[in-house]
Amino acid sequence: MGLEQYQGDMAMCCRCSACKFIPMQKVQGAKYSYVCPSISRYNFHAYSGGGRLNIANWMLKNGFNYTEKLLDIVKNCQMCGACGVSCNYAMDMEVLEPIQEFRIKTVEDGHTVPALDKVIENLRKNDAMVAGGRTQRGSWAKGLKLKDTTTDKVDVYYHVGCLTSFDKNMWKLAQGTARILEKAGVNFGIAGANEICCGGRAYQMGYREDFLNQAKKNMELIKKSGAKTLVTGCADCYQAFKVLYDKYKLKGDLEVLHTTEYFDRLIKEGRLKPSRKVDLSITYHDPCRLGRLGEPWIHWSGKKIPGDRFVFDPPKIYRRGTNGVYEPPREVLNSIPGVKLTEMVRIKEYAWC
């Protein structure tokens, strides 16, 4: 891994600005034409996906001369992946991956953000990305008498995630999920106070080694439980376990499902049967890391064919965001009697971060 491997992709950027907007065929008006939060906020090319590629490519050739402004450009990106999806509507090149490697390099070179350093310090100390001690992590499950994956063998490992574990306002989400799994007769368990952060957020911030440390520890926990399937309701955790762990060849044969995917499966198998009518008009927002960034990782190895064309042997398959988790959440919602689902203007791979 490293920024150098993407030099060809970065050099291929022609500054067409496709990374800033939803593809023309998808635009339904000027108000919803932007796809990138960063460029819509700063309105200067350097803050776009292409702008960051141009800068990184130049620095690879001429040396990394870090300035306060440069770091501001690198850090003020939500890593939502929308730039790459819009670019890849018509192009074959990596956009988000080199931007991620650029951010990782700034961290490896010692150019970090003090506020994020504190978050990472807590991760290293408490295995969590939010404030709270280890013993508080499983408090949401007090009195539920759920299986403990550190001592019991289970089929399904339910990973709650940092935010839901420590935010009391979100405990009802984890508790409701546990009750549904019990209702369906699933042999599942939780790690409780022993659950640890997936590391996905650390990776997004550029702290690759901390991410890898968390990934390795998590896979040991899951292996100990005997679970073949991991279920999580957190989109960030989902992307970390499903995509990033696979990218670094750490996932193995573990099946990773979002709660909506698993509930959809249980409904179709007849193990869950929504029956109570709920008169509610709702809409659904596709999370970046469940949608376009939740698309499975594609392993590829080969070489670039010599010449002025960006051609590979064997052909390289690009992730375009179309194979994320889109239908299961909608099918679960539509299975509830009385619920009326109305879609937003920008949905699925073009959802606004």
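All of the points below concern the structure found in this document. (Residues numbered from 1 in each chain as written. Predicted model: local features only at pLDDT ≥ 70, side-chain atom pairs only at ≥ 80, totals over all residues. Heavy atoms only, no water.)

Some remarks on the overall build of the protein chain
Here's step 1: On a plain count of helices and strands, the protein chain comes out with 14 helices and nine strands.
Here's step 2: For 353 residues, the compact-globule formula gives about 20 Å, and the C-alpha radius of gyration of the protein chain, at 21 Å, lands near that figure.
Here's step 3: Taken over the C-alpha atoms alone, the protein chain extends approximately 60 × 45 × 40 Å along its principal axes.
Here's step 4: Sequence-distant contacts in the protein chain: of pairs separated by 6 or more residues, those separated by 24 or more amount to 75%.
Here's step 5: Counting every atom, the protein chain has about 17500 Å² of accessible surface; 52% of that belongs to carbon and sulfur.
Here's step 6: In the protein chain, 53 positive and 38 negative side-chain charges are present, and the distance between their average locations comes to 3 Å. (Helix = DSSP H or I, 4+ residues; strand = E, 2+ residues; numbered from the N terminus. Rg over C-alpha atoms; globule rule 2.2 N^0.38 Å. Contact = heavy atoms within 4.5 Å. Areas by Shrake-Rupley, 256 points an atom, 1.4 Å probe, with all protein chains shown as cover. Lys, Arg positive; Asp, Glu negative; His and termini not counted. Charge placed at Lys NZ, Arg CZ, Asp CG, Glu CD.)

Observations regarding the environment of glutamate 108
Here's step 1: Structurally, glutamate 108 can be placed in helix H6 (residues 96-108).
Here's step 2: Relative accessible area serves as the criterion here: at 54%, glutamate 108 is assigned to the exposed category.
Here's step 3: The spacing of glutamate 108 and proline 306 is 198 residues in sequence and 32 Å in space, taken between C-alpha atoms. (Buried < 20%, exposed > 50% of the residue type's maximum accessible area, 1.4 Å probe, protein only.)

A closer look at the pairing of strand S4 (residues 229-232)
Here's step 1: Side chains Thr229 and Val231 of S4 all project onto a buried face; the interleaved residues Leu230 and Thr232 project onto the opposite face, where all are buried too.
Here's step 2: Taken together, the four bridges between strand S2 (residues 156-159) and S4 define a ladder with parallel strand orientation. Bridge pairing in S4 places tyrosine 158 opposite valine 231.
Here's step 3: Relative to strand S5 (residues 255-258), S4 is paired through four bridges, and the arrangement is parallel. Within S5, the position partnered with valine 231 by the bridge is leucine 257.
Here's step 4: Each parallel crossover has a hand, and for S4 linked through helix H12 (residues 235-247) to S5 it is right-handed. (Pairing = 2+ DSSP bridges. Right-handed = clockwise from strand over helix to strand, strands pointing away.)

Regarding the nonpolar core
Here's step 1: Counting 29 residues, the largest nonpolar core has Tyr157, Phe211, Ile222, Leu230, Phe241 and Tyr245 as its most contacted members.
Here's step 2: Looking at this core, the element that brings in the most residues is H12, giving seven residues.
Here's step 3: In contact with leucine 230, not counting residues within four places along its chain, are Tyr157, His159, Ile222, Phe241, Leu254, Glu255, Val256 and Leu257. (Core = buried A, V, L, I, M, F, W, Y, C linked by side-chain atoms within 4.5 Å.)

Remarks on helix H9 (residues 171-183)
Here's step 1: The end-to-end C-alpha distance of H9 is 18 Å, a good match for the 18 Å that 13 residues give at a rise of 1.5 Å each.
Here's step 2: Among all positions of H9, only Trp171, Ala174, Gly176, Thr177, Ala178 and Leu181 are buried.
Here's step 3: Against S2, helix H8 (162-166), strand S3 (188-190) and helix H13 (259-268) lie the buried residues of H9.
Here's step 4: Count one or two residues on from H9 and you reach glycine 185, which has phi positive near 75 degrees. (Expected span 1.5 Å × (residues − 1).)

With respect to the packing of H13 against helix H14 (residues 327-334)
Here's step 1: Where H13 meets H14, the closest approach of the two axes is 8 Å, and the angle between their N-to-C directions is 50 degrees. As the angle between them shows, H13 and H14 are arranged oblique. Where H13 crosses over H14, the handedness of that crossing is left-handed. Touching Thr260, Glu261, Phe263, Asp264, Ile267 and Lys268 of H13 are Pro328, Pro329, Glu331 and Val332, all from H14.
Here's step 2: In terms of residue class, the contact of H13 with H14 is made up of five nonpolar, one polar and four charged. (Axes fitted to C-alpha atoms, helices over the stretch in contact; angles between N-to-C directions. Parallel < 35°, antiparallel > 145°, perpendicular 65-115°, else oblique. Left-handed = near helix turned anticlockwise from the far one by under 90°. Nonpolar A, V, L, I, M, F, W, Y, C, P; charged D, E, K, R; others polar.)

Description of the pairing of S2
Here's step 1: Side-chain alternation along S2 places Val156 and Tyr158 on one buried face and Tyr157 and His159 on a second face that is also buried.
Here's step 2: Strand direction decides the pairing type here: S2 and S3, joined by two bridges, are parallel. Looking across to S3, one finds that valine 156 is bridged to phenylalanine 188.

Let's talk about helix H11 (residues 208-225)
Residues spaced three or four apart along an α-helix point in a common direction, a consequence of the helix completing one turn every 3.6 residues.
Here's step 1: Here H11 spans 26 Å end to end across 18 residues, near enough to the 26 Å set by a 1.5 Å rise per residue.
Here's step 2: Those residues of H11 that fall on the buried side of the exposure criterion are Arg208, Asp210, Phe211, Leu212, Gln214, Ala215, Asn218, Met219, Leu221, Ile222 and Ser225.
Here's step 3: Of the surrounding secondary structure, the elements contacted by the buried residues of H11 are H6, helix H7 (114-126), S2, helix H10 (200-205), S4 and H12.
Here's step 4: The first or second residue beyond H11 is glycine 226, which carries a positive phi of 80 degrees.

What about the packing of aromatic side chains?
Note on aromatic pairs: each is described by the distance of the centres and the angle between the planes.
Here's step 1: Tallying each qualifying case throughout the model produces 12 aromatic pairs.
Here's step 2: Taking 5.0 Å as the distance between ring centres and 75 degrees as the angle between the ring planes, the aromatic pair formed by phenylalanine 310 and phenylalanine 312 counts as edge-to-face.
Here's step 3: A relative accessible area of 21% places phenylalanine 310 in the partly exposed class.
Here's step 4: On the accessibility criterion, phenylalanine 312 (16% relative accessible area) is buried.
Here's step 5: Taken together, Tyr203, Phe211, Phe241, Tyr245 and Tyr248 form an aromatic cluster joined through their ring pairs.
Here's step 6: Above the plane of the ring of phenylalanine 312 lies lysine 316, whose end atom (NZ or CZ) is 5.8 Å from the centre. (Phe/Tyr/Trp six-rings, centres within 6.5 Å; stacked < 30°, edge-to-face > 60°. Lys NZ or Arg CZ within 6 Å of the ring centre and 35° of its normal.)

Side note on unusual backbone geometry
Here's step 1: With an omega dihedral of -5 degrees, the bond running from aspartate 313 to proline 314 counts as a cis peptide bond.
Here's step 2: Within the secondary structure layout, proline 314 lies in the loop between strand S8 (312-313) and H14.
Here's step 3: For asparagine 43, which is not glycine, the phi dihedral falls at a positive 50 degrees.
Here's step 4: You can see asparagine 43 is positioned in the loop between helix H2 (37-42) and helix H3 (49-62).
Here's step 5: Located in the positive-phi region is lysine 249, a residue other than glycine, with phi close to 55 degrees.
Here's step 6: Following the sequence through the fold, lysine 249 ends up in the loop between H12 and S5.
Here's step 7: On the basis of relative accessible area, lysine 249 is assigned to the exposed category, the value being 69%.

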